[in-house]
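# Notes for the structure review
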Amino acid sequence: MSAPEFIHRFIPGTRPDTLLLLHGTGGDENDLIPLGESLLPGAAILSPRGKVLENAMPRFFRRIAEGLFDIEDVKLRAAELAAFVRHSAERYGFNASRLTAAGYSNGANIAAAVLLLHGPVFSRAVLFRAMVPLEPDTPPDLGDVRVFLGAGRQDPIVPPANTERLAALLQRSGADATLHWSSAGHNLTTGDLDAARKWLEQFPI
Ligand code: MLT
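Residues numbered from 1 in each chain as written. Predicted model: local features only at pLDDT ≥ 70, side-chain atom pairs only at ≥ 80, totals over all residues. Heavy atoms only, no water.

## A closer look at the overall build of the chain
What the chain contains, in helices and strands, is 5 helices and 11 strands. By the compact-globule yardstick of 17 Å for 205 residues, the chain fits well, its C-alpha radius of gyration being 15 Å. Seen through its principal axes, the chain has C-alpha atoms that stretch 40 × 35 × 35 Å. By residue count, 53% of the 205 residues in the chain fall in the buried class. Expressed as a percentage of contacts within the chain between residues at least 6 apart in sequence, the contacts between residues at least 24 apart total 70%. Per element, the accessible surface of the chain, about 8,900 Å² overall, is 52% carbon and sulfur. (Helix = DSSP H or I, 4+ residues; strand = E, 2+ residues; numbered from the N terminus. Rg over C-alpha atoms; globule rule 2.2 N^0.38 Å. Buried < 20%, exposed > 50% of the residue type's maximum accessible area, 1.4 Å probe, protein only. Contact = heavy atoms within 4.5 Å. Areas by Shrake-Rupley, 256 points an atom, 1.4 Å probe, with all protein chains shown as cover.)

Below is the structure:
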């Protein structure tokens, strides 16, 4: 079977690690490039566009309503994305063991789904405004994975308890999960980015 394809951008880097960028609903492969360049300057960038369309807005998996996810589609799309990442490492010659994912909202949720269903496809993840995408039947072994969760105290879309549940789920799977709260809503703030950048510097791959 050929590897699943995504519309994407790949930008070669000047250092040995690679950043996988995963946009939010209505975004595309270009959206998070400036964010990625400021989070991990000089890293190569792999930025796919979500394949699911909701009222013409790209996403990484289908949802039934706000916050209510189509679990079968989450599983299918997480498997496709994990295969695409592995295939891209061969195609572009980057080191898959030096991969950091950075996702916002729906992009953070698919990154969490990849970790929970497929284990350490990336060894670090920066998840902004993430929710529990699904509860895996078998907990993965995320012993070597570090996750930064950037959450907004006043987020009207992601209830704080849901992010706390995701942090606990990742921790129970062995990941080192750091939960960082901003006094913010669903949109990102410079405080979120500064905290994520510091965390990345503190835990280099
Ligand atoms: C979104 O708007 O993308 C939601 O907050 C998250 C999701 O549906 O995955």
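## Description of the site of the ligand
Neighbouring residues of the ligand: Thr25, Arg59, Phe61, Arg63, Glu66, Phe69, Ser105, Asn106, Asn109, Ile157 and His186. Structurally, the ligand is housed in the largest pocket. Residues that form the shell around the ligand fall into these classes: 3 nonpolar, 5 polar and 3 charged. (Near = heavy atom within 4 Å. 1 Å grid on protein atoms, 1.4 Å probe; cavity = no way out; pocket = protein on both sides within 12 Å on 5 of 7 lines; lining within 4 Å. Sits in = over half its atoms within 2 Å of the grid points. Nonpolar A, V, L, I, M, F, W, Y, C, P; charged D, E, K, R; others polar.)

## Digging into the nonpolar core
Residues Phe122, Leu127, Val147 and Leu170 are the most contacted members of the largest nonpolar core, which totals 44 residues. For this core, the secondary structure elements donating two or more residues are strand 2 (18-22), helix 2 (71-92), strand 8 (99-104), helix 3 (106-118), strand 9 (124-128), strand 10 (146-152) and helix 4 (160-172). Among the elements that line this core, the one with the most residues is helix 3, at 8 residues. Not counting residues up to four positions away in its chain, the partners in contact with Leu127 are Gly103, Ala108, Ala111, Ala112, Val147, Phe148, Leu149 and Gly150. (Core = buried A, V, L, I, M, F, W, Y, C linked by side-chain atoms within 4.5 Å.)

## What about the layout of surface pockets?
Where empty space is left becomes clear once a probe the size of a water molecule has been rolled over the atoms. There is about 180 Å³ of room inside the largest pocket. Contributing to the lining of the largest pocket are 15 residues, with Thr25, Arg63, Glu66, Ser105 and Ile157 lying nearest its centre. Size it by volume and the second largest pocket reaches roughly 150 Å³. If you trace the second largest pocket, you find 13 residues lining it, with Arg15, Leu40, Arg124, Leu200 and Glu201 closest to the centre. For the lining of the second largest pocket, the secondary structure elements donating two or more residues are helix 1 (33-39) and helix 5 (190-202). With 3 residues, helix 5 is the largest single contributor of residues to the lining of the second largest pocket. Broken down by class, the residue content of the lining of the second largest pocket amounts to 6 nonpolar, 1 polar and 6 charged. (Points joined across faces, edges and corners; volume = space filled by probe spheres on them.)

## Details of empty space enclosed by the protein
According to the stated counting rule, one finds 1 cavity of 30 Å³ or more in the structure shown. Here the largest cavity is characterised by a volume of approximately 30 Å³. Around the largest cavity sit Phe6, Gly50, Lys51, Arg59, Phe60, Arg77, Leu81 and Ile110, which together line it. Partitioned by chemical class, the residues of the lining of the largest cavity number 4 nonpolar, 1 polar and 3 charged.

## Thoughts on the pattern of salt bridges
Applying the stated criterion across every chain yields a total of 17 salt bridges. Salt-bridge contacts for Arg91 lead to Glu5; the nearest nitrogen and oxygen are separated by 2.9 Å. On the criterion of sequence distance, the pair formed by Arg91 in helix 2 and Glu5 in the segment before strand 1 (8-11) is long-range, its members being 86 residues apart. Close ionic contact of Arg62 with Asp70 constitutes a salt bridge, the shortest N to O distance being 3.9 Å. For Arg62, a relative accessible area of 40% puts it in the partly exposed group. Connected via shared salt-bridge partners are Lys51, Arg62, Asp70, Asp73, Arg77 and Glu80. (Salt bridge = Lys/Arg side-chain N within 4 Å of Asp/Glu carboxyl O.)

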